[in-house]
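Now for the letters of each chain:
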Amino acid sequence: MTSPGPAPSLEERAALLREIGPLPLSGQAWPDWVRILAWVVLAVLGVQVVTTAIRAPAQPFDTVLAVVVVLCFVGLLFVSWHMQTSITTIDERGLRQSWFTRREVAWEDVRYARFVPMLFSKRLVIFTHRGKPVILQGGTRELRTAFVKIAQLYRRG
């Protein structure tokens, strides 16, 4: 991995923002097919849990196991809901994504950025001057294109 070069100038960043297009640029953080798949998997798991509970012999349930299964299902429901509603935004101030907690990075805090095209999500990994990486998902073609351009500008070295 190459080390990051000097921070882009204000003119280079302004050119990047003009190239990205009219701002703010907002879109779903996760692709439609991934969000749909999350709900399908959740539904299949829910049906499986219910049918297993119905077919179980008439003996008492293991309470701890039942609580663990319910908590895991609620956790998956929580993640699926946030995948459904999460929005990524790029504007003049920086980049942000709604998630369990708000992910936000100001342009001045970006030290290095890398585009990571994974199967289920296209990600922009941003390393800040504080050293803490922030990962943003791009579920639309426009966001993915912007991520590539941002990574190119902040990956010089």
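Scroll up a little and you will see the structure.
Just so it is clear, the model here is predicted, and its values are computed rather than measured.

Broken down by element type, the chain carries four helices and seven strands. Ordering the α and β elements of the chain from the N terminus gives α-β-α-α-β-β-β-β-β-β-α. In summary, the chain has a C-alpha radius of gyration of 20 Å against a globular reference of 15 Å for 157 residues, an excess of more than 25%. With respect to the three principal axes, the spread of C-alpha positions in the chain is 70 × 30 × 25 Å. The buried share of the chain, taken over its 157 residues, is 34%. Contacts spanning at least 24 positions in sequence make up 60% of the contacts within the chain whose residues lie at least 6 apart. Accessible surface, the chain as shown: approximately 9,600 Å² in total, 67% of it carbon and sulfur. Across the chain, the 19 positively charged side chains and the 11 negatively charged ones have centroids separated by 6 Å.

Attention shifts here to the pairing of strand 4 (residues 103-106). Side chains R103 and V105 project from strand 4 onto a buried face, and the interleaved E104 and A106 project onto a face without burial. The pairing of strand 3 (residues 94-97) with strand 4 spans four bridges and is classified as antiparallel. Bridge assignment links L95 to a residue of strand 4, and that residue is V105. Taken together, strand 3 and the strand that follows it, strand 4, pair antiparallel across an intervening segment of five residues.

Together, W33, I36, L37, V40, V41, V44, L45, L76, L119 and F120 line one region of the surface with nonpolar side chains, adding up to about 920 Å² of accessible area. For the nonpolar patch, the leading source of residues is helix 2 (residues 32-55), giving seven residues. Mapping I36 onto the fold places it in helix 2. Judged by its relative accessible area of 54%, I36 is exposed.

Quick notes on the rules
Residues numbered from 1 in each chain as written. Predicted model: local features only at pLDDT ≥ 70, side-chain atom pairs only at ≥ 80, totals over all residues. Heavy atoms only, no water. Helix = DSSP H or I, 4+ residues; strand = E, 2+ residues; numbered from the N terminus. Rg over C-alpha atoms; globule rule 2.2 N^0.38 Å. Buried < 20%, exposed > 50% of the residue type's maximum accessible area, 1.4 Å probe, protein only. Contact = heavy atoms within 4.5 Å. Areas by Shrake-Rupley, 256 points an atom, 1.4 Å probe, with all protein chains shown as cover. Lys, Arg positive; Asp, Glu negative; His and termini not counted. Charge placed at Lys NZ, Arg CZ, Asp CG, Glu CD. Pairing = 2+ DSSP bridges. Patch = residues over 30% accessible without salt bridge, like charges linked within 9 Å, V, L, I, M, F, W, Y side chains within 5 Å. Salt bridge = Lys/Arg side-chain N within 4 Å of Asp/Glu carboxyl O.

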